[in-house]
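The chain contents come next:
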Amino acid sequence: QVQLVESGGGLVQPGGSLRLSCAASGRVFSISAMAWYRQAPGKERELVAAITREGDTSYRDSVKGRFAISRDNAKNTVSLQMNSLKPEDAAVYYCTLTVVGMNYWGKGTLVTVSS
């Protein structure tokens, strides 16, 4: 059974930074693709950033150059460094793990961007 626990959300002013982390249980982390999604109130959930098991990364256009996803296979963690935050980045951020066709989700962590 895979469990994902996100942390690091909170309130930040526009232009500020936050670092989200996701800790994964189980033995499949190193062979899994990981990603961060977000969902703002009244909007659909959207993919923010992804990282393959080889470490290749991809981002949605609106966060390129501001966000960075990384993983630590020794610690079973994936992180999302978010810089130059904008009000439109405010959302609940979810960590996901995909392995052998199975997709697992964390419960999310809230990011609020407001002055």
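Residues numbered from 1 in each chain as written. Predicted model: local features only at pLDDT ≥ 70, side-chain atom pairs only at ≥ 80, totals over all residues. Heavy atoms only, no water.

Peer 1: How would you sum up the state of the cysteines? Please name residues and give values.
Peer 2: Scanning the model with the defined rule gives one disulfide in all. Disulfide partner of Cys22: Cys95, at an S-S distance of 2.1 Å. Its S-S torsion of about -75° marks the bond between Cys22 and Cys95 as left-handed, since a negative value means left-handed. Of the two residues, Cys22 sits in strand β3 (residues 18–24) while Cys95 sits in strand β9 (residues 91–99), which places them 73 residues apart along the sequence. Residue classification places Cys22 among the buried residues on the basis of a relative accessible area of 1%. (Disulfide = S-S within 2.5 Å. Helix = DSSP H or I, 4+ residues; strand = E, 2+ residues; numbered from the N terminus. Buried < 20%, exposed > 50% of the residue type's maximum accessible area, 1.4 Å probe, protein only.)

Peer 1: An account of the side chain of Ser32 is requested, with residue identities and associated values reported.
Peer 2: Within the secondary structure layout, Ser32 lies in the loop between β3 and β4 (33–39). Reaching out from Ser32, the side chain makes a polar contact with the backbone oxygen of Val28 at a distance of 2.5 Å. Non-local contacts of Ser32, meaning those with residues more than four positions away in its chain, are made with Thr52, Arg53, Arg71, Leu97, Thr98 and Val99. (Polar contact = N/O pair within 3.5 Å; in protein donor to acceptor, adjacent residues only side chain to side chain. Contact = heavy atoms within 4.5 Å.)

Peer 1: Can you tell me about the packing of aromatic side chains, naming the residues and giving the values?
Peer 2: Applying the stated rule across the entire model yields two aromatic pairs. For the ring pair Tyr37 and Trp105, a centre distance of 4.9 Å and an interplane angle of 50° mean the geometry is tilted. Taken together, the residues Tyr37 in strand β4 and Trp105 in strand β10 (residues 102–105) connect sequence positions 68 residues apart. Under the relative-accessibility criterion, Tyr37 is labelled partly exposed at 23%. A residue is classified by how much of its surface remains accessible, and Trp105, at 34% relative accessible area, is partly exposed. Between Tyr94 and Trp105, the aromatic rings sit 6.2 Å apart at their centres with planes inclined by 75°, giving edge-to-face as the arrangement. In this pair, Tyr94 sits in strand β9 while Trp105 sits in strand β10, placing the two residues eleven residues apart along the sequence. In this structure Tyr94 comes out as buried when scored by relative accessible area, which is 13%. Through a chain of ring-to-ring contacts, the aromatic side chains of Tyr37, Tyr94 and Trp105 assemble into a single cluster. Of note, Arg45 hangs over the ring of Trp105, and the distance from its end group to the ring centre comes to 4.7 Å. The lysine or arginine in question, Arg71, covers the ring of Phe29, its NZ or CZ lying 4.7 Å from the ring centre. (Phe/Tyr/Trp six-rings, centres within 6.5 Å; stacked < 30°, edge-to-face > 60°. Lys NZ or Arg CZ within 6 Å of the ring centre and 35° of its normal.)

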